[in-house]
Structures are given as C-alpha cells and as structure tokens.
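Here is how the chains run, residue by residue.
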Amino acid sequence: MSFLTGLKDSKGGRPAVLALVVLLQTSAAVFFVANVVNEGSEDGLGPQLWMQALVTLALIVGVVLGTLELRRALSHQQAQDATIAKASGEMHQVIQAQFEAWHLSTAERDVAYLALKGLDVAEIASARNAAPGTVRAQLSAIYSKAGISGRAQFAAHFVEDLLAEGLPGEPAAS
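Treat the numbers as computed from the prediction; the structure is a model and nothing was measured.

**Topic: the overall build of the chain**
- Scanning the chain from terminus to terminus reveals seven helices and zero strands.
- Its helices and strands taken in sequence order, the chain reads α-α-α-α-α-α-α from the N to the C terminus.
- Considering only contacts in the chain between residues 6 or more positions apart, those separated by 24 or more positions represent 63%.
- Surface exposure of the chain reaches about 11,200 Å², of which carbon and sulfur atoms provide 63%.

**Section: the packing of aromatic side chains**
- Per the stated rule, a full pass over the model turns up six aromatic pairs.
- Their ring planes at 5° and their centres at 6.5 Å tell us that Phe-99 and Phe-154 sit as a pair that is stacked. Here Phe-99 is found in helix 3 (residues 47-101), whereas its partner Phe-154 is found in helix 7 (residues 151-165), with 55 residues between them in sequence. Summarising the burial analysis for this pair, Phe-99 and Phe-154 share the class buried.

**Thoughts on the packing of helix 4 (residues 106-116) against helix 6 (residues 132-146)**
- Between helix 4 and helix 6, the least distance of the axes is 9 Å, while the angle of their chain directions is 90°. Classified by the angle between their axes, helix 4 and helix 6 sit roughly perpendicular to one another. On helix 6, the residues touching Ala-107, Glu-108, Val-111, Ala-112 and Ala-115 of helix 4 are Val-135, Gln-138, Leu-139, Ala-141, Ile-142 and Lys-145.

**Details of the side chain of Thr-56**
- Assignment of secondary structure puts Thr-56 in helix 3.
- The exposure class assigned to Thr-56 is buried, which follows from its relative accessible area of 6%.
- Setting aside chain neighbours within four positions, we find Thr-56 in contact with Ala-29, Phe-32, Val-33 and Val-36.

The rules we used
Residues numbered from 1 in each chain as written. Predicted model: local features only at pLDDT ≥ 70, side-chain atom pairs only at ≥ 80, totals over all residues. Heavy atoms only, no water. Helix = DSSP H or I, 4+ residues; strand = E, 2+ residues; numbered from the N terminus. Contact = heavy atoms within 4.5 Å. Areas by Shrake-Rupley, 256 points an atom, 1.4 Å probe, with all protein chains shown as cover. Phe/Tyr/Trp six-rings, centres within 6.5 Å; stacked < 30°, edge-to-face > 60°. Buried < 20%, exposed > 50% of the residue type's maximum accessible area, 1.4 Å probe, protein only. Axes fitted to C-alpha atoms, helices over the stretch in contact; angles between N-to-C directions. Parallel < 35°, antiparallel > 145°, perpendicular 65-115°, else oblique.

Below, the structure written as structure tokens:
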C-alpha cells in the first residue's frame, strides 16, 4: 500500500492528525532551511546562524520521525481492518454452519440474520415485506429449531461461539 493511498483510505483520527502535523512541520522546515541559506550567504556563519541551523535540523528530524510514525499508524490501521474483515467473515461462516445444523429455511435464515443484527419484529417485517405475525411465527420456528427460548439466548449463542474461539490473530489460550 502506498503512503498516499493508505492516508486516503484511513478513517480519519490519528493518521489524519499525524499527516497534518507532518505537513505543517515540512512547511516550517522548508521556510527555515531557506532562511538559514539566505542569512548564511549574506552574513556568514555566526553563532546565531549555527543555532538556527541546529534547530532547523531538529525540525527536519521531527518531520522524518513524524512520517515514520504516520506510516506505522497506517500500517497498524490496515492490519486492524484486515483482522476485523477476517473476524466478520469467520463469524458469517459460524452463523451459516449453525443455521445449516438447525435446518433453517431460506426465509428463516433471512429473518434470523435480521434478528441478529438487532432489528425488531416490525423492522424485520418491513424489510422483508411480510406481516409482523409471519415474522413472529418464523422467529418462533427458529427458536424452536435452535432449542432456545428467545431472542436474547439466540444472540448469546453466537456471541459465546465468538468469545470461546477468540478473534483471528489472538494467541491461543493456554
């Protein structure tokens, strides 16, 4: 991933702030380098100009370190995004496998997904263009096939699976 692509794809926050700081530092460094060169050519290298040159050098080092930190932050964010995507994909596979084990119909799977996403009966009915009574009946069938008593146990079943197996990239519990 290129530096600019990574910054463009970042979701704001720390990378954007670091980029702004590096940009401001770079602008200041360019100004001070030009100032040191200009004064050095006019007045020679006196003690004050040496001090300005050292401070300018420190600013340039700050720009380099800020750029390295920005690259590290972008790389870290990319790794986190990949982990989240992998966990999401693995959770989807866990859910699919459980729906298959419970022998849910296609309509029941759709309703079950929407229920897992937190939609209530009316929202599920609206999303599926179905009557609320139909959705309640489908939820009852899902809970019956799953051997659970309601929505809280239904959601907890999948959260327990996720917590028991850990997230991708985590070290295994010993």
